[in-house]
Amino acid sequence: MAPTTAVVTPTTLAKEDTVKEGYVVDESERAKVAYNLFSDDIPVISLGGRREEIVKQIVEACEEWGIFQLIDHGVDDHLISEMTNLTKQFFALPDDDKLRFQMSEGKKGGFLISSHLQGEVVANWRELVLFFAQPEHSRDYSRWPDKPKEWRAVTEAYSEQMMRLGHTILGLLSEGLGLEKDVLVKSLGEITQHLVVNHYPKCPQPELAVGLKRHTDPSSITLLLQGNVGGLQATRDGGNTWVTVRPVHNAFVINLGDYLYYTSNGRFKSADHQAIVNKEEARMTIAVFLNPHQDARVYPLNLKEGDACKVMDRPMTYGEMNHRHKTKYLESVRLKKLAKDQNWAPELLRSKLSQLH
């Protein structure tokens, strides 16, 4: 949530010369690689090739990174352009217009600063709108902004196309695990789709703040429209080295979440990523999360007779897994603040954090 009791958006704070203390992250969490120093390490995969080759490329990307970019995906370019332009128009509105839809406890969606998590010590340099988009009966249109007026209908259409593309990707991932095409989709139960539009304003001191702190997603997959401004970063070695994902026009960045890590028995990585900010250009992204039903069973789907489960002691529900994910993240935030306040040695903090895994 917002770092102060008086709600001021990062868009407004961007006009100042310095970053407010509530946005200053610990030195260990600051960007090590520039937002525009792009890497081509993240695979770019076309859906226009032979299915066997597509599956092979996706499997390799998921085993190495848990993240890849998708082109030739069939999503309408005009719809992408409309969704992007209307999102930019919303974030250009005065703060009062945005804050009318501010999300508070118990409300299903709306405008937020930083994130939806309670208990953050340092805020993300980020504004967002969270839409509860699927299933349709979960929508509370009173929480959907009414400006621009065309945005609701375009968001609905975008949500539908993302659901279709998501099913296609899950089918390819299922085959990559040696399962029937529909196994992963069926394992999710009734999918909850959260659509999140993110705005990262220009930051006067980007070396001190981040757009979104390092994390993994608990979901099955996330479909991210990155736009043309860099800022998404990924690591495959526990944060020792980072790469900035090169923006590819109208490509979708596909992040695997914790659900796929567990159900693949650790074969597929959960994408370890963060978003950084800059002082030259505002950045806007659109993320679609495909979340399993709260009662969906989390356990490896591809175990053969005699195989051991490497990633968990027992099955759990997605609701339980998601709760653990949030609890672990917030505990890591608490420990980092404690380490800073009490001047812990780095080795002590690393030891404490390692006990959370």
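Positions within a chain are numbered from 1, following the residues in the order the chain's sequence is written. It should be noted that, the model being predicted, local features are given only for residues of pLDDT at least 70 and side-chain atom pairs only at 80 or more, the latter also being counted only at that level, while totals for whole chains, interfaces and linings use all residues. Based on all heavy atoms of the structure, the side-chain values leave hydrogens and waters out of the count.

- Identification of the protein as Fe2OG dioxygenase domain-containing protein from Saponaria officinalis is taken from an unreviewed UniProt entry.
- UniProt positions are given in the numbering used here, feature names are shortened, and annotations may be inferred rather than shown by experiment. Comment text from UniProt for the protein, heading Sequence similarities (unreviewed entry), reads "Belongs to the iron/ascorbate-dependent oxidoreductase family."
- Reading the Pathway (unreviewed entry) entry of the UniProt record for the protein gives the comment "Secondary metabolite biosynthesis; flavonoid biosynthesis."

### A look at helix α5 (residues 151–176)
In step 1: Between its first and last C-alpha, α5 extends 36 Å over 26 residues, near the 38 Å set by a 1.5 Å rise per residue.
In step 2: Note on α5: the residue one or two positions beyond its end, Gly178, has a positive phi of about 80 degrees. Secondary structure elements are defined from DSSP: runs of H or I of at least 4 residues count as helices, runs of E of at least 2 residues count as strands, and each element is numbered from the N terminus. How far a helix is expected to stretch is found by multiplying one less than its residue total by 1.5 Å.

### Description of the packing of aromatic side chains
In step 1: Stacked, edge-to-face and tilted labels apply to pairs of Phe, Tyr and Trp rings (six-membered ring for Trp) whose centres lie within 6.5 Å, assigned for plane angles under 30 degrees, over 60, and everything in between, in that order. Scanning the entire structure with this criterion turns up nine aromatic pairs.
In step 2: Centre to centre, the rings of Tyr259 and Tyr318 are 6.5 Å apart; their planes meet at 75 degrees, and the pair counts as edge-to-face. With a gap of 59 residues between them, Tyr259 in helix α7 (residues 258–263) and Tyr318 in helix α8 (residues 318–342) connect regions that are remote in the sequence.
In step 3: The cut-offs for exposure are 20% and 50% of the maximum accessible area for each residue type, with area from a 1.4 Å probe on protein chains only; residues under the lower value are buried, those over the upper are exposed, and the others partly exposed. By relative accessible area, Tyr259 is classed as buried at 0%.
In step 4: One aromatic cluster is present, formed by Phe90, Phe91, Phe111, Phe131, Tyr141, Trp144 and Trp151 through successive ring pairs.

### Describing the sheet that holds strand β5 (residues 127–134)
In step 1: Any two strands with at least two DSSP-identified bridges between them are counted as paired. Taken together, eight strands build an open sheet; the order of strands is β2-β3-β11-β8-β13-β6-β5-β4 and the sheet is mixed. For this open sheet the edge positions go to β2 (44–46) and β4 (110–113), each flanked by a neighbour on one side alone. Averaged over all adjacent pairs, the angle separating strand axes in this sheet is 25 degrees, with direction ignored.
In step 2: Where strand β8 (residues 221–225) meets strand β11 (residues 252–256), five bridges bridge the pair, whose relative direction is antiparallel. Note that in β11 the partner of Leu224 across the bridge is Val253. Angular values range over 0 to 180 degrees, each being the angle between N-to-C directions of two axes fitted as lines to C-alpha atoms, with helices fitted over their stretch in contact.

### Description of the UniProt feature "domain: Fe2OG dioxygenase" (unreviewed entry) in the protein
In step 1: Cross-referencing UniProt, the feature "domain: Fe2OG dioxygenase" (unreviewed entry) maps to residues 190–292 in the present numbering.
In step 2: As a span, residues 190–292 carries 6% helix and 42% strand, and end to end its C-alpha atoms are 7 Å apart.

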